[in-house]
Amino acid sequence: MDGAREIYRQVITDFDGQTFAEEATVRLANSYFADLENPDSADEGVRLLQDYLATHSGGRLEVVMWQQLGLAFERLKHDPAQSLAAYEKARELGFSLPVKKDKEMWKMSQLAEEAGELQAAAVLYHRILTETPRAAEGTLARRRLTELVAQHPEWGLEVPDEVVFQIGHRQSQEEEPAPAPQAEPAAKPVTEPDSEPAAS
């Protein structure tokens, strides 16, 4: 492991500011986070990412580093406030897996609750409902947002209208349903006359 870490450090130095250095930083930090037998390893991985992000921005893996940092604070350091702050940076940049945006924001809302940052949690519930209306946690987000809005009207937040999805159509619950098309009256059957008209 020490040999691999030395190589990663050399790559970071030799290719500073390039994607190679970003990848090496991510891998080096992961090597510390995976070393659960050493209680200081998590701190070293966090410091490594924080130092890199403090001096580099706009890289291809920047968002990955912020999410990696958020996960470290969440799972290894048990610091919900720091974890939330890192994940918020990742959200602002755009999560590395956009299809999991609803899951990431739900996780952030729970971290905010745990940290006692209720207004931040309410904003995240609102984002879940407006930005990812198909989220599996939408019902829970709506229920909790309703409670928080009732308790804190000074925040100026409102619970968004519920959205009902139909095939090929997104419809607000308050939207008037389109009227059903009216059937046209059936045409009268054409009958043959009983006899030919008399010749004049």
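Residues numbered from 1 in each chain as written. Predicted model: local features only at pLDDT ≥ 70, side-chain atom pairs only at ≥ 80, totals over all residues. Heavy atoms only, no water.

As for the overall build of the protein
When helices and strands are tallied, the protein shows 8 helices and 2 strands. Moving toward the C terminus, one meets the helices and strands of the protein in the order α-α-α-α-α-α-α-α-β-β. When contacts within the protein are restricted to residue pairs at least 6 apart in sequence, long-range pairs at least 24 apart make up 46% of them. Looking at the protein as shown, the accessible area adds up to about 13100 Å², and 52% of this sits on carbon and sulfur atoms. (Helix = DSSP H or I, 4+ residues; strand = E, 2+ residues; numbered from the N terminus. Contact = heavy atoms within 4.5 Å. Areas by Shrake-Rupley, 256 points an atom, 1.4 Å probe, with all protein chains shown as cover.)

A few points about unusual backbone geometry
Positive phi outside glycine occurs at His78, with the angle close to 55 degrees. By the secondary structure assignment, His78 is in the loop between α4 (62-76) and α5 (80-93).

A short note on the confidence of the model for the protein
Of the residues in the protein, 82% have a pLDDT of 70 or more, and the chain-wide mean is 89. Taken as a whole, residues 189-200 scores under 50 in pLDDT and shows 0 contacts with residues more than four places along the chain or in a different chain. (pLDDT = per-residue confidence, 0-100.)

Here's the deal with the pattern of salt bridges
When their charged atoms lie close together, side chains carrying opposite charge are able to pair. The full count for this structure, using the stated rule, is 15 salt bridges. Of the charged contacts, one joins Arg9 and Glu44 as a salt bridge, the two residues approaching to 3.6 Å between their closest N and O atoms. You can see Arg9 sitting in helix α1 (residues 2-14) and its partner Glu44 sitting in helix α3 (residues 41-55), a full 35 residues away along the chain. You can call Arg9 partly exposed: its relative accessible area is 29%. (Salt bridge = Lys/Arg side-chain N within 4 Å of Asp/Glu carboxyl O. Buried < 20%, exposed > 50% of the residue type's maximum accessible area, 1.4 Å probe, protein only.)

Notes on the nonpolar core
Core analysis: the largest hydrophobic core is formed by 42 residues, its most contacted members being Leu69, Tyr125 and Ile128. Looking at this core, the elements with two or more residues in it are α2 (19-33), α3, α4, α5, α6 (101-114), α7 (118-131) and α8 (138-151). Considering each element in turn, this core owes the most residues, 7 residues, to α2. In this structure, Tyr125 is in contact with Trp106, Ser109, Gln110, Glu113, Ala141, Arg144, Leu145 and Leu148, ignoring residues within four places of it in sequence. (Core = buried A, V, L, I, M, F, W, Y, C linked by side-chain atoms within 4.5 Å.)

A short note on the side chain of Glu22
Structurally, the position occupied by Glu22 is in helix α2. One buried charge, Glu22, has no salt-bridge partner; the nearest side chain with opposite charge is Arg60, at 5.4 Å. A polar atom in the side chain of Glu22 sits 3.3 Å from the backbone nitrogen of Leu61. With residues up to four places along the chain from it excluded, the contact list for Glu22 reads Tyr52, Gly59, Arg60, Leu61, Glu62 and Met65. (Lys, Arg positive; Asp, Glu negative; His and termini not counted. Polar contact = N/O pair within 3.5 Å; in protein donor to acceptor, adjacent residues only side chain to side chain.)

Some details on the environment of Leu129
As for its placement among the helices and strands, Leu129 is situated in helix α7. Beyond its immediate chain neighbours, meaning those up to four positions away, Leu129 contacts Gly138, Ala141, Arg142, Leu145 and Pro160.

Digging into α7
Counted at 1.5 Å a residue, the expected span for α7 with its 14 residues is 20 Å, and the 19 Å between its end C-alpha atoms agrees. Listed in full, the buried residues belonging to α7 are Ala121, Ala122, Leu124, Tyr125, Ile128 and Leu129. Looking down the long axis of α7, one finds its buried residues gathered within 160 degrees of arc, a one-sided arrangement. (Expected span 1.5 Å × (residues − 1). Arc of directions from axis to C-beta.)

What to know about the packing of aromatic side chains
Counting across every chain of the model gives 2 aromatic pairs. Sitting over the ring of Tyr32, Arg5 keeps its end group 4.0 Å from the ring centre. (Phe/Tyr/Trp six-rings, centres within 6.5 Å; stacked < 30°, edge-to-face > 60°. Lys NZ or Arg CZ within 6 Å of the ring centre and 35° of its normal.)

A word on the packing of α2 against α3
At a closest axis distance of 7 Å, the pairing of α2 and α3 adopts a crossing angle of 160 degrees. Classed by the angle they form, the pair α2 and α3 counts as roughly antiparallel. At the point where α2 passes α3, the crossing takes the left-handed sense. Of the residues in α3, those in contact with Ala21, Glu22, Thr25, Leu28, Ala29, Tyr32 and Phe33 of α2 are Ser41, Ala42, Glu44, Gly45, Val46, Leu48, Leu49 and Tyr52. Split by residue class, the contact of α2 with α3 holds 10 nonpolar, 3 polar and 2 charged. (Axes fitted to C-alpha atoms, helices over the stretch in contact; angles between N-to-C directions. Parallel < 35°, antiparallel > 145°, perpendicular 65-115°, else oblique. Left-handed = near helix turned anticlockwise from the far one by under 90°. Nonpolar A, V, L, I, M, F, W, Y, C, P; charged D, E, K, R; others polar.)

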